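# Breakdown of the fold
The primary structure of each chain is shown beneath.
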Amino acid sequence: MLYSEKVLDHFSNPRNVGELSDANGVGEVGNAVCGDIMKMYLKIENGMIQDVKFKTFGCGAAIATSSMATELIKGKSLEDALKLSNQAVITALDGLPPAKIHCSVLAEQAVRAALADYYRRQGIDPEPIVGKLEDDPHHCESCSSCANH
Amino acid sequence: MEKRFVYADHSATTPISKPVLNAMLPYLTEGYGNPSSIYSKGREAKKALESAREQVAEALHAKPSEIYFTSCGTESDNWAIKGAAAAGARKGKRHLITTNFEHHAVLHTMQMLEKEGFEVTYLPVDSQGLITAAQVREAIRPDTALVSIMYANNEIGTILPIPEIGAVCREARVPFHTDAVQAVGQVAIDVGVQQIDMLSLSGHKLNAPKGVGVLYLRSGLAIDTFMHGGAQERGRRAGTENLASIMGLAAAITIASFQIEERAARRTAMRDRLIDGILAQIPRCRLNGSREHRLPGSLNISFEGIEGESLLLLLDMKGICASSGSACTSGSLDPSHVLLAIGLPHEIAHGSLRLSLGDENTMEDVEYILEILPPIIERLRSMSPVWEKLMAEQRAQSVG
């Protein structure tokens, strides 16, 4: 498994780790059975991501993609945050091994889940804005453990 | 403590020791003759080859004519299983017995034979990572062609009751193969006393080089040939012998068997200090597999709330080489079949760590691991939402 220097940097010195006590949007995606869970905390004011923190259970790539996703949306507008794609996370990390692409999808989904929670708290239906969030957005099609549980 | 380099993954591979290298060097330089050649350089090579065969036979308490050199442990497993299955099938025997926590060299070979119409019984190991001879006895049928059960497990280090299984198989007149790749050099093996018909071993697990293995095949037992070609190995395993590596393997197995008790005692002391130290210092972790029936140098511990690959990466940054049964390190999204076989839930199997010790490790290495590991676990747990939930549950329980 060859990780880029950037992945190793974000893994060993993750940015924005922790929780936000005054978060107004919190999302959690993944599944411990499959080996990764990401939890994203957003503090949104005046349509801007004022602060963001994350907690992740998972491999090196799961931690690095969470960290990079928080960096890419911190201080950005809600519109920009909604545009975050897993490809942008991969590019910013100078690539990911093929087996780890699903981690970047999970990071994108964690941001979306937190944004959806924010809209819900505002009394706004998130689906037209954030899109439909799957119950379990983890890409598990090749993982028999999910099929068995 | 200053940063050290600690290689604690001897179940994966071992360094070539100095005496082993010295035994090999002449055959990488002037001793390049082909043992099948008639002239003196070939005859010298042949003589060396036969002396190596005697050394391996002595270490296993076998006859030299029962020792066949192969390219690796996986080839030995493939030969033994496919060869015995084919020989059995000709007598109408198409049933095979193994366990559900074998190395993939055995497990995938069995699965391939299932596709060819063989029926395989996978004996389930218990929560301690053990099976009993009684389980084997109950599984044997009139059409059983082979029993193949590993000597010691490569991931959790448990040692199976091989002499008892050997007795059951001998009584039922069913050939018994054991994959002893992890055991050879760590525990004393006597193929006669233990009633083993076939045994696989690998050079690189006992300080010899990669690319050389052995199949012990009891005389009188007929199995089909696996490698077809020239007349090497008494016509039963073709291919020019990898003489330098064979000389290395012979030196390594001789050294290991002469010092087997001291080596085991030294490794056991380090292993036990690690197990006790980790279990005492780190909450919510467990030793995987029986503590008693265990290889001297091997331990496997699961830590709740963390994932194994990130643990390995952080250990590596501190100079410690180890391995894990997490999905991310198994190359699939499923954690190790061994950890699932002993009944670990997926989420706990993902957080496993295997440490396997060898000759060059010292108590200082052990103390270094015990110093480095707890803060790494704490750090990963502090950023883990799974750990957060476990702690919330624990608080709720203590209040309730």
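Looking at an unreviewed UniProt entry, one finds chain B named Cysteine desulfurase IscS and attributed to Yanshouia hominis. Quoted straight from UniProt, the Sequence similarities (unreviewed entry) entry for chain B says "Belongs to the class-V pyridoxal-phosphate-dependent aminotransferase family. NifS/IscS subfamily." Checking UniProt for chain B, the heading Subcellular location (unreviewed entry) contains the comment "Cytoplasm".

In the nomenclature of an unreviewed UniProt entry, chain A is known as Fe-S cluster assembly scaffold protein NifU of Yanshouia hominis.

Here we take up the interface of chain B and chain A. Residue-level contacts link 23 residues of chain B with 33 residues of chain A. The junction of chain B with chain A conceals about 2200 Å² of combined surface from both sides, 63% of it contributed by carbon and sulfur atoms. If you look at where chain B meets chain A, you find four salt bridges. Between Lys389(B) and Glu28(A) there is a salt bridge, with its nearest N and O atoms 2.7 Å apart.

Let us now look at the sheet that holds strand β9 (residues 285-287) of chain B. Residues and elements named next belong to chain B. Across the sheet, three strands lie side by side as β9-β10-β12; this open sheet has antiparallel pairing. Pairing within the sheet leaves two strands with one partner each, and these edge strands are β9 and β12 (352-356). Averaged over all pairs of adjacent strands, the angle between strand axes in this sheet comes to 20 degrees, irrespective of strand direction. Both strand β10 (residues 298-303) and β12 contribute to a ladder of five bridges, which runs antiparallel. Its bridge partner lying in β12, leucine 299 is registered against leucine 355. Along the sheet face, helix α8 (residues 260-281) touches β9, β10 and β12 and points at about 10 degrees away from the line of β10.

Where the model shows low pLDDT, its predicted coordinates should not be examined in detail. Residue and element names in this part refer to chain A. In the predicted model, chain A carries a mean pLDDT of 90, and the fraction of residues at 70 or more is 89%. Across chain A, strand β3 (residues 48-57) holds the top mean pLDDT of 98, while helix α7 (residues 144-147) sits lowest at 38. Taken as a whole, residues 137-149 scores under 50 in pLDDT and shows 28 contacts with residues more than four places along the chain or in a different chain.

We now examine the UniProt feature "modified residue: N6-(pyridoxal phosphate)lysine" (unreviewed entry) in chain B. Residues and elements named next belong to chain B. On the UniProt side, "modified residue: N6-(pyridoxal phosphate)lysine" (unreviewed entry) is annotated at positions that read Lys205 here. Its place among the elements puts lysine 205 in the loop between β7 (198-202) and β8 (213-217). Look past the residues within four positions of lysine 205 in its chain and what remains in contact with it is Ser11, Ala12, Thr14, Val181 and Gln182. Separated by 2.8 Å, the side chain of lysine 205 and the backbone oxygen of alanine 12 make a polar contact.

All names here are of chain B. Space inside the second largest pocket adds up to approximately 270 Å³. Top element by residues in the lining of the second largest pocket is helix α7 (residues 243-258). It accounts for five residues. For the lining of the second largest pocket, the class distribution of residues is 10 nonpolar, five polar and one charged.

Right, let's talk about the side chain of His102(A) for a bit. Residue and element names in this part refer to chain A. Mapped onto the elements, histidine 102 comes out in helix α5 (residues 101-121). Histidine 102 sits in the buried class, given a relative accessible area of 12%. Within the structure, histidine 102 has its side chain in polar contact with the backbone oxygen of alanine 99 (distance 3.2 Å).

Below, the discussion takes up the sheet that holds β3(A). Hydrogen bonds between backbone groups are what pair the strands of a sheet, and the pairing can be parallel or antiparallel. All names here are of chain A. A sheet is described by the order of its strands in space; here three strands give the open sequence β1-β2-β3, paired in antiparallel fashion. Both outer strands of the open sheet, β1 (25-31) and β3, are each paired with one neighbouring strand and no more. Across this sheet, the average inter-strand angle for adjacent strands is 15 degrees, counted without regard to direction. When strand β2 (residues 36-45) meets β3, the two strands line up antiparallel, connected through nine bridges. Considered in β3, the bridge of tyrosine 41 is made with lysine 53.

For the rest of this paragraph, the subject is a nonpolar patch on the surface. Residue and element names in this part refer to chain B. On the surface, a cluster of nonpolar side chains totalling about 330 Å² of accessible area is made up of Ile16, Leu21, Leu25 and Leu28. Following the sequence through the fold, leucine 25 ends up in helix α1 (residues 18-28). Assessed through its relative accessible area of 38%, leucine 25 is described here as partly exposed.

Here we take up the pattern of salt bridges. Under the defined criterion, the tally for this structure stands at 31 salt bridges over all chains. When the shortest N-O distance is used, the salt bridge between Arg15(A) and Asp9(A) registers 2.7 Å. We classify Arg15(A) as partly exposed; its relative accessible area is 24%. Of the charged contacts, one joins Lys39(A) and Glu388(B) as a salt bridge, the two residues approaching to 3.2 Å between their closest N and O atoms. In this pair, Lys39(A) sits in strand β2 while Glu388(B) sits in helix α14 (residues 385-399), so the two residues belong to two different chains. Residues joined in a network through salt bridges with shared partners are Glu19(A), Lys39(A), Lys55(A) and Glu388(B).

The residues that UniProt annotates with the feature "domain: NIF system FeS cluster assembly NifU N-terminal" (unreviewed entry) are residues 3-122 of chain A. Helix makes up 46% of residues 3-122 of chain A and strand 22%, with an end-to-end C-alpha separation of 40 Å.

Another point: empty space enclosed by the protein. Rolled over the atoms, a probe with the dimensions of a water molecule shows which regions are left empty. Residue and element names in this part refer to chain B. Under the definition given, this model contains two cavities of 30 Å³ or more. Within this model, the largest cavity holds a volume of roughly 130 Å³. Along its surface, the largest cavity is lined by 20 residues, and His10, Thr14, Gln186, Lys205 and Arg267 are the ones closest to its centre. Of the residues in the lining of the largest cavity, the class split is four nonpolar, 11 polar and five charged. Roughly 40 Å³ of volume is contained in the second largest cavity.

Aromatic ring pairs are reported here in terms of the distance separating the ring centres and the angle at which the planes meet. Inspection of the entire model under this criterion finds two aromatic pairs over all chains. The interplanar angle of 65 degrees and the centroid separation of 5.5 Å between the aromatic rings of Tyr118(A) and Tyr119(A) together place this pair among those described as edge-to-face. For the residue pair Tyr118(A) and Tyr119(A), the accessibility class agrees, reading buried in each case. Taking 5.5 Å as the distance between ring centres and 80 degrees as the angle between the ring planes, the aromatic pair formed by Tyr68(B) and Trp79(B) counts as edge-to-face. On the criterion of sequence distance, the pair formed by Tyr68(B) in strand β2 (residues 67-70) and Trp79(B) in helix α3 (residues 73-90) is long-range, its members being 11 residues apart. Comparing Tyr68(B) with Trp79(B), the two get one shared label, buried.

Cut-offs used in this document
Residues numbered from 1 in each chain as written. Chains lettered and ligands numbered in written order. Predicted model: local features only at pLDDT ≥ 70, side-chain atom pairs only at ≥ 80, totals over all residues. Heavy atoms only, no water. UniProt positions renumbered as here; feature names shortened; annotations may be inferred. Contact = heavy atoms within 4.5 Å. Buried area = accessible area lost by both parts, 1.4 Å probe. Salt bridge = Lys/Arg side-chain N within 4 Å of Asp/Glu carboxyl O. Pairing = 2+ DSSP bridges. Helix = DSSP H or I, 4+ residues; strand = E, 2+ residues; numbered from the N terminus. Axes fitted to C-alpha atoms, helices over the stretch in contact; angles between N-to-C directions. pLDDT = per-residue confidence, 0-100. Polar contact = N/O pair within 3.5 Å; in protein donor to acceptor, adjacent residues only side chain to side chain. 1 Å grid on protein atoms, 1.4 Å probe; cavity = no way out; pocket = protein on both sides within 12 Å on 5 of 7 lines; lining within 4 Å. Points joined across faces, edges and corners; volume = space filled by probe spheres on them. Nonpolar A, V, L, I, M, F, W, Y, C, P; charged D, E, K, R; others polar. Buried < 20%, exposed > 50% of the residue type's maximum accessible area, 1.4 Å probe, protein only. Patch = residues over 30% accessible without salt bridge, like charges linked within 9 Å, V, L, I, M, F, W, Y side chains within 5 Å. Areas by Shrake-Rupley, 256 points an atom, 1.4 Å probe, with all protein chains shown as cover. Phe/Tyr/Trp six-rings, centres within 6.5 Å; stacked < 30°, edge-to-face > 60°.

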